[in-house]
Amino acid sequence: MRRRTPAPPPPLPQRDGIDPVRVRMPADGAWSTVRDYLVARLTGAGPGEIDAMLASGLIVGADGRPVAPDAAYAPGTHVWFHRELPAEVPVPFPLTVVHRDEHIVVADKPHFLATTPRGSHVTETALARLRRDLGIPTLSAAHRLDRLTAGLVLFTVRPEERGAYQTLFRDRRVHKEYEAVAPYDPALALPRTVRSRIVKERGSLTAHEVAGEPNAVSTVELLRTHAEHGTARYRLLPATGQTHQLRVHMNALGVPVLGDPLYPVVAPPVPPGDFGRPLQLLARELEFTDPVTGARHRFRSGRTLQAWSAYPEWAVGRSPGPTAR
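Described in the following lines is the structure provided in the data block. (Residues numbered from 1 in each chain as written. Predicted model: local features only at pLDDT ≥ 70, side-chain atom pairs only at ≥ 80, totals over all residues. Heavy atoms only, no water.)

1. A few points about the overall build of the chain
Across its full length, the chain carries 7 helices and 13 strands. For the chain, the C-alpha atoms occupy an extent of roughly 70 × 45 × 45 Å along the three principal directions. Buried residues in the chain amount to 43% of all 325 residues. Across the chain, every contact between residues at least 6 apart in sequence was considered, and the portion connecting residues at least 24 apart equals 63%. A total accessible area of about 16900 Å² is found for the chain, and carbon and sulfur atoms account for 50% of it. Side-chain charges of the chain comprise 41 positive and 33 negative groups, with the mean position of each set lying 3 Å from the other. (Helix = DSSP H or I, 4+ residues; strand = E, 2+ residues; numbered from the N terminus. Buried < 20%, exposed > 50% of the residue type's maximum accessible area, 1.4 Å probe, protein only. Contact = heavy atoms within 4.5 Å. Areas by Shrake-Rupley, 256 points an atom, 1.4 Å probe, with all protein chains shown as cover. Lys, Arg positive; Asp, Glu negative; His and termini not counted. Charge placed at Lys NZ, Arg CZ, Asp CG, Glu CD.)

2. Side note on the nonpolar core
Membership of the largest hydrophobic core comes to 36 residues, with the highest contact counts inside it found for L139, F155, Y234, L236 and M250. Mapped by element, the contributors of at least two residues to this core are β4 (104-109), α3 (126-134), β6 (150-156), β7 (175-183), β11 (231-238), α5 (245-252) and β12 (281-289). V23, Y37, L42 and V79 belong to the second-largest nonpolar core, a separate cluster that totals 15 residues. (Core = buried A, V, L, I, M, F, W, Y, C linked by side-chain atoms within 4.5 Å.)

3. Considerations on the pairing of strand β10 (residues 216-226)
Here strand β8 (residues 192-199) pairs with β10 via 5 bridges, running antiparallel. Counted as the bridge partner of T193 is T219 from β10. When β10 meets β11, the two strands line up antiparallel, connected through 8 bridges. When the sheet's bridge partners are listed, V220 is paired in β11 with L236. Hairpin connection between β10 and β11: a loop of 4 residues separates the two successive antiparallel strands, and G230 in this loop has a positive phi of roughly 65°. (Pairing = 2+ DSSP bridges.)

4. Focus on a positive patch on the surface
Together, R118, R144, R162, K200 and R202 make up a positively charged patch on the protein surface. Along the polypeptide, K200 turns up in the loop between β8 and β9 (208-210). (Patch = residues over 30% accessible without salt bridge, like charges linked within 9 Å, V, L, I, M, F, W, Y side chains within 5 Å. Salt bridge = Lys/Arg side-chain N within 4 Å of Asp/Glu carboxyl O.)

5. Focus on α5
Of all 8 residues in α5, 6 are buried, a share of seventy percent or more. Within α5, the full set of buried residues consists of Q245, L246, R247, V248, H249 and M250. Buried residues along α5 sit against β7, β8, β9, β10, β11 and β12.

6. Let's talk about the side chain of D290
On the secondary structure map, D290 appears in the loop between β12 and β13 (296-300). Among the polar contacts made by the side chain of D290, one reaches the main-chain amide nitrogen of V292 at a distance of 2.8 Å. From its side chain, D290 meets the backbone nitrogen of T293 in a polar contact 3.1 Å long. Setting aside chain neighbours within four positions, we find D290 in contact with I104, Y165, A295 and H297. (Polar contact = N/O pair within 3.5 Å; in protein donor to acceptor, adjacent residues only side chain to side chain.)

7. Points about the pattern of salt bridges
Following the criterion strictly, the structure yields 18 salt bridges and no others. Across the pair D146 and R247 runs a salt bridge whose closest N-O atoms are separated by 3.2 Å. You can see D146 sitting in the loop between β5 (140-141) and β6 and its partner R247 sitting in helix α5, a full 101 residues away along the chain. For D146, a relative accessible area of 28% gives the class partly exposed. According to the relative accessible area criterion, R247 is buried, its value standing at 4%. With a closest N to O distance of 3.2 Å, R235 and E177 form a salt bridge. Of this pair, R235 sits in strand β11 while E177 sits in strand β7, and the two are 58 residues apart along the sequence. Residues joined in a network through salt bridges with shared partners are R35, D36 and D51.

Worth remembering: the numbers are spatial, not functional.
Structural data, given as structure tokens:
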């Protein structure tokens, strides 16, 4: 199998912790200029915006020099530019670093903060914040947590080592422990291991269970109950990593995670800046043997799920405040 030639390093620096966009000119095509290809490729921008960026010198080649508005199309070459970032409501909760060395950074992510830039969440992401705050432009995520899930996320410092840490997660050599607050059902026998096949179709907000060979395995344990609120605290141990796996399995058991806007039913979207009633799911622990140093790591989140520590405030949607842990 022929290997693709790696892209040259970006000639533009990061902006607010965000890499510049890179566009590669395909090997085949009927475009006569770089401008024509960009107009065809970047349909969301429109011809006028592309022309304005070219005229202003905002689109550059591998040498960092502006691409001329009439530059000839050259198959296999790259251009870079910074996209206009959308206005984002700041997520008013701290992102805590629990470990940092020359190879990795482990952060304790709050609810509502996306792990990496995607869609409308770009600068208000854990990756962008850490790059800015720690001054590590090479920082990358080794795995992801859902935006609504809080807890531990592992980031890598050196690009050449990222694959080794990603392989830990791919090969299921990371012990992951989650915590959730959900309704208490005395008829539900726990602990138990849930095995099912979960699929998530492109464009769908939710994942669902289907017949077939299981690809999702979760162990659910009961930690404590709260009789006054009819809730319980659960320990969740995923052996696999399907999208929304723990949320799907808890819902299938009849005890959906409190604050879940997707399971059992999809709730209407909330307005930007509404940080009340966070999903009560927390990535509590990460444990693994470092593939680079050989050290044994065990990290634990210092956060507390609000529906357990302050249920009345969570129930009315009162934000826990910017210093909540």
